[in-house]
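# Close look at the chain arrangement
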Amino acid sequence: MRKLFAPLLIVTAAMFVYAPVMIAQAPYESTMLLIQKIFYFHVPSWIAMYGAIFVCGIESAIFLFRRKPSAERVASAAAELAVLFGLFGLVTGPLWGRKAWGVWWQWDARLTTSLLLELIFVGYLLVRKYGGPGSDKLAAAIGIFGMANVPFVYKSVDIWRTVHPQTSVVPLLLTSAPGMAAPFAFCAVAFILLLVLLLALRVGLEHQRAALDQLYLAEE
Amino acid sequence: MFLKVALLVLKKDFAIELKSREILYTTLFFAVSCVLIFSIAFVREGAPLEDAAAGILWLAVFFAGTLALGRTFERERYGETLRALLLAPAPRPAIYVGKLLGIVFLLAVAELLLAPMVALLFNAALFSRPLLMAGLLVMGTIGFASVGTLFAAMLVRSRTRDVMLPILLYPMTVPVIIAGVLGTSALLQTPPNEAVATMWIALLGSWNVVFVTLALWTFEPLMTE
Amino acid sequence: MVKRPFVFLCLAIMTLAAPAFALQPPGGQTEFVPISQLPPAEQLPAAPLLVGAYAFVWLGLMVYMWSIWRRLGKVEADMRALERRGSKGSSVR
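Note that this is a predicted model, so its numbers are computed, not measured.

Contact with chain A, which involves 22 residues of that partner, is made by 19 residues of chain B. Within the residue set of the side of chain A that touches chain B, elements represented by two or more residues are helix 2 (39-66), helix 4 (109-130) and helix 5 (135-159) of chain A. Ranked by residue count, the leading element in the side of chain A that touches chain B is helix 5 of chain A, at nine residues. The residue inventory of the side of chain A that touches chain B, partitioned by class, reads 16 nonpolar, five polar and one charged.

Residues and elements named next belong to chain B. With respect to the secondary-structure elements, Thr 184 resides in helix 7 (residues 161-188). The buried category is assigned to Thr 184, around which 25 C-beta atoms lie within 10 Å. The spatial distance from the C-alpha of Thr 184 to the C-alpha of Leu 126 is 7.6 Å, given a sequence separation of 58 residues.

With that settled, the discussion passes to the confidence of the model for chain B. Across chain B, pLDDT averages 88, with 99% of residues at or above 70. Put simply, strand 2 (residues 47-48) of chain B is where chain B has its lowest mean pLDDT, 70, and helix 6 (residues 130-155) of chain B is where it has its highest, 93.

For the rest of this paragraph, the subject is the environment of B:Leu106. Residue and element names in this part refer to chain B. Within the secondary structure, Leu 106 sits in helix 5 (residues 92-121). Leu 106 gets classed as buried once you count the C-beta atoms within 10 Å, which come to 25. Separated by 38 residues in sequence, Leu 106 and Ala 68 have C-alpha atoms that sit 8.1 Å apart. Residue contacts for Leu 106: discarding those within four places in its chain leaves Ile 23, Leu 24, Thr 27 and Ala 68.

Take unusual backbone geometry next. Peptide bonds are mostly trans, and most non-glycine residues show a negative phi. Residues and elements named next belong to chain B. Residue Thr 190 is joined to Pro 191 through a cis peptide bond whose omega torsion reads -5°. Examined against the element boundaries, Pro 191 turns out to sit in the loop between helix 7 and helix 8 (194-223). Of note in the backbone geometry, Arg 21 takes a positive phi value of approximately 55° without being a glycine. Looking at Arg 21, the number of C-beta atoms within 10 Å reads 11, which means it is exposed. One non-glycine residue, Asn 123, lies in the positive phi region at around 55°. By secondary structure assignment, the location of Asn 123 is in the loop between helix 5 and helix 6. A residue is classified by how many C-beta atoms lie within 10 Å of it, and Asn 123, with 10 of them, is exposed.

What counts, and where the lines are drawn
- Residues numbered from 1 in each chain as written.
- Chains lettered and ligands numbered in written order.
- Predicted model: local features only at pLDDT ≥ 70, side-chain atom pairs only at ≥ 80, totals over all residues.
- Contact = placed C-beta atoms within 7 Å.
- Helix = DSSP H or I, 4+ residues; strand = E, 2+ residues; numbered from the N terminus.
- Nonpolar A, V, L, I, M, F, W, Y, C, P; charged D, E, K, R; others polar.
- Buried ≥ 20, exposed ≤ 12 C-beta atoms within 10 Å, placed from the backbone.
- pLDDT = per-residue confidence, 0-100.

So this is what it looks like as structure tokens:
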């Protein structure tokens, strides 16, 4: 895995450098014009967040049921990344919505549940930091519950009539707006690679911390 | 065996509570003062907001529930009975179910007092469809209590348990409060919108199934050292 | 030494009085200016929002990577300090 790190870094950096070129060449959307171009970073941010949440949830379950300490390290790293990418989504979204809907925020189903998902994982980080004894297992439970919420968040926009675009927009990109599909797929892949990269970095940090703890314990 | 253990835990909590009634009275009084404070705080043109009845009812239930959860498990911690419960040769999820039923009953008693009070203070026709209203309250309380019991049990050993419980519980249970409030306001319309209320009850039911299943599944590994 | 409390007192009074100056009503309009179409400047410009969104993501990533770097540096410094202590202890024996 170590050997893949440098090529992954180069590929991700290259993709991010090239992304603005592709985004600039993408066609404008008919009603939203220029501001719709936030889409190429907004949706991939949420895709990366869902990915991080799934990693966190699955690793949390492994930690709770199989007691593998490495799983707990990956879970907490993934939770931190979920908060990061969620923050990106929650900031780019209102910046887009201010122009497209006229308001910074709306309490509709998608926005509310996405904010909650972010808060759940902020709670995860708070528990890990301030929870005291047994907090790693409680955090794992929160990770699992948080992951269970993701399908609700994703489907909320289809079940309830909201002002947010529905989930059919992205799958239909190939047929309805082919010029947008390529930059979107490019950015989505770039964000997923970025997630993997940052996860590797962050898990490395947790690994070093665990090694440090071992040294402290050996000293005593 | 499972049900017997759960009912035994419930009976134990009932017996303790019947002696002092401490948690019952304090929770009820807290819920009542919540409703009063909200009715004073939410005013429009000097009169209480009548549309706020649905929200205030559920907020009072949530806040009183958080308090009751904290107090119930504080009592376990103080008496060091939680370890005794866990050492008993009983399936752990049954202990969870017993505790859950205790909290649900406590909140049900609180709601029996709160719902008429809110209906009176806010002139809200909460009982025009009593079965649907009861269904909403039962489903919502189970949803809230299922997550709350799990988190409160886990937080028992934590230093910061008092502040951590709301921090963790409220984001997780916002779907419950959304469903509860929107369902209740549907019932408060003239004429009461039964279809919408039934939809929310069904949604709450499916959430409850997911949450209770997850809680039963994770209770055992969470409570072991 | 008498000067300091006096200066603080003056600053406090000025800060408390500042809202009184701010709360004065603005001067009234002297005349109305009709226009037939909203000038382009009044519509919400999209470019700053777009640039702001992308800049936030880039900056956020930079800040996060820097924070990982910093935390890693601290952990490695702790490890080196521990190893130094360990080697010192064994050399004393």
